[in-house]
Amino acid sequence: MDKDLHNEDISRIIPQLWDPLTDEQRELLVDNLSIRKCLRDETLYHVGDTPEKMYYLVRGKVTIFFHGIAGQRTIVRMVEPGATFGYTAAFDGSTYKGTAVAGDDTVVAIVPIKLVFHLIWENSNFAMLFIKELSSLLGLSIDRTIMLTQKHMRGRLAEVLLRLREKYGLEDDGQTLAIYLSRDDLAKISNMTTSNAIRTLSAFASEGIVAFEGRKIRFIKTETLQRISDLG
């Protein structure tokens, strides 16, 4: 780890992991932790790799995807800052089911899986972090299945935009989504073709529900977007 980082820096960078630990466990974490600044499109791990590290997203965006039967890239998760990832395969002794790729200005903290297991066995509060996160991921998986199987394109895309708003928040203007995505990425998250995503986004814009400036998305009528999502 960067020797210029002190305990107070680590507690600020990874508070969710730091707070439940004892002083002795914190020293162990500091000795084994690494901080990595990622380039855009840099791969953190590939599908089929054996998990040896757990990642904590400090800043930026990480997209987890897999390639379908026809080779089409399908986004299965977009990791938000403050979330851990890359460990679930280690819990069941399998290999990674997807590939994790960093976006712009991304920083991750990396902890060896063996240390994660050690801390889970020693500290029930630390273990509860993962129980809660796995429960949340299961709920999101169920919600995503319902979205993809029961909602039409407008409803799917509306729900994706609202979920991105909830996860990443808004910029200082209180309207602009604080993460920039390509139309292709939005299409993959919504399980749509890029052309259908563009047409649906254009319809939202013409109806005055959202506005676009390049990759920036500005929410104008959030209640209307919510109603479209609810109606499916």
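In the block above lies the structure referred to throughout.
Residues numbered from 1 in each chain as written. Predicted model: local features only at pLDDT ≥ 70, side-chain atom pairs only at ≥ 80, totals over all residues. Heavy atoms only, no water.

A. Expanded view of the overall build of the chain. Assigned secondary structure in the chain consists of 10 helices and 10 strands. Expected size for 232 residues packed as a compact globule is a radius of gyration near 17 Å; at 19 Å, the chain falls within 12% of this value. Projected onto its principal axes, the C-alpha coordinates of the chain cover approximately 60 × 40 × 30 Å. Within the span of the chain, comprising 232 residues, buried residues form 43% of the whole. A separation of at least 24 residues holds for 69% of the contacts in the chain among residues at least 6 apart in sequence. Entry remark: accessible area of the chain is about 12,400 Å², with carbon and sulfur atoms responsible for 52%. Across the chain, 29 positive and 31 negative side-chain charges occur, with their mean positions spaced 9 Å apart. (Helix = DSSP H or I, 4+ residues; strand = E, 2+ residues; numbered from the N terminus. Rg over C-alpha atoms; globule rule 2.2 N^0.38 Å. Buried < 20%, exposed > 50% of the residue type's maximum accessible area, 1.4 Å probe, protein only. Contact = heavy atoms within 4.5 Å. Areas by Shrake-Rupley, 256 points an atom, 1.4 Å probe, with all protein chains shown as cover. Lys, Arg positive; Asp, Glu negative; His and termini not counted. Charge placed at Lys NZ, Arg CZ, Asp CG, Glu CD.)

B. Here's a closer look at the packing of aromatic side chains. What the rule picks out here adds up to nine aromatic pairs. Note on Y87 and F91: the rings are 5.1 Å apart at their centroids and 55° apart in plane angle, and the pair reads as tilted. Between F91 and F117, the aromatic rings sit 5.6 Å apart at their centres with planes inclined by 40°, giving tilted as the arrangement. Placement of the pair is F91 in helix α4 (residues 88-91) and F117 in helix α5 (residues 113-122), with a sequence separation of 26 residues. For F117, a relative accessible area of 30% corresponds to the partly exposed category. (Phe/Tyr/Trp six-rings, centres within 6.5 Å; stacked < 30°, edge-to-face > 60°.)

C. Layout of the sheet that holds strand β4 (residues 62-67). Spatially, the four strands line up as an open sheet ordered β2-β7-β4-β5, and their pairing is antiparallel. This sheet does not close on itself; its edge strands, each paired only once, are β2 (43-45) and β5 (73-79). Pairs of neighbouring strands in the sheet enclose a mean axial angle of 30°, with direction left out of account. Summarising the sheet, β4 and strand β7 (residues 99-102) pair through four bridges and their orientation is antiparallel. (Pairing = 2+ DSSP bridges. Axes fitted to C-alpha atoms, helices over the stretch in contact; angles between N-to-C directions.)

D. Looking closely at the nonpolar core. One finds M78, L161, L164, L181, L186, F204 and L225 to be the most contacted residues of the largest nonpolar core, which totals 27 residues. Where this core is concerned, the elements lending two or more residues are β5, α7 (153-168), α8 (183-189), α9 (194-206), β10 (216-219) and α10 (222-231). Element by element, the count of residues in this core is highest for α7, at seven residues. With near-sequence residues (within four places) excluded, M78 lies in contact with K61, V62, T63, L164, K167, Y168, I179, L181 and I189. Residues L17, W18, I113 and F126 belong to the second largest nonpolar core, which totals 21 residues. (Core = buried A, V, L, I, M, F, W, Y, C linked by side-chain atoms within 4.5 Å.)

E. Expanded view of the packing of helix α3 (residues 23-32) against α5. One can describe the packing of α3 onto α5 by two numbers: an axis separation of 11 Å at closest approach and a directional angle of 170°. As the angle between them shows, α3 and α5 are arranged roughly antiparallel. Counted together, Q25, L28, L29 and N32 of α3 and L115, H118, L119 and E122 of α5 form the full contact between these two elements. When its residues are assigned to classes, the contact of α3 with α5 shows four nonpolar, three polar and one charged. (Parallel < 35°, antiparallel > 145°, perpendicular 65-115°, else oblique. Nonpolar A, V, L, I, M, F, W, Y, C, P; charged D, E, K, R; others polar.)

F. Region of the structure containing the packing of α7 against α9. Viewed as axis vectors pointing N to C, α7 and α9 meet at an angle of 75°, and their least axial separation amounts to 10 Å. Regarding the angle of α7 to α9, the classification is roughly perpendicular. For the pair formed by α7 and α9, the contact residues are M153, R154, L157, A158 and L161 on the first element and N196, A197, T200, L201, A203 and F204 on the second. Split by residue class, the contact of α7 with α9 holds eight nonpolar, two polar and one charged.

G. Just the pairing of β7, in detail. Burial along β7 is two-sided: the face carrying T99 and V101 and the face carrying A100 and A102 are both buried. In the sheet, β2 pairs with β7 via two bridges, with the strands oriented antiparallel. Each bridged residue has a counterpart across the sheet, and for T43 the counterpart in β7 is V101.

H. Broad picture of the environment of V107. Of note, V107 is situated in strand β8 (residues 106-112). By relative accessible area, which is 7% here, V107 ends up buried. Linking V107 and V62, residues 45 residues apart in sequence, is a C-alpha distance of 9.5 Å. Apart from the residues lying within four places of it in its own chain, the contact partners of V107 are I35, R36, K37, Y56, L57, V58 and R59.

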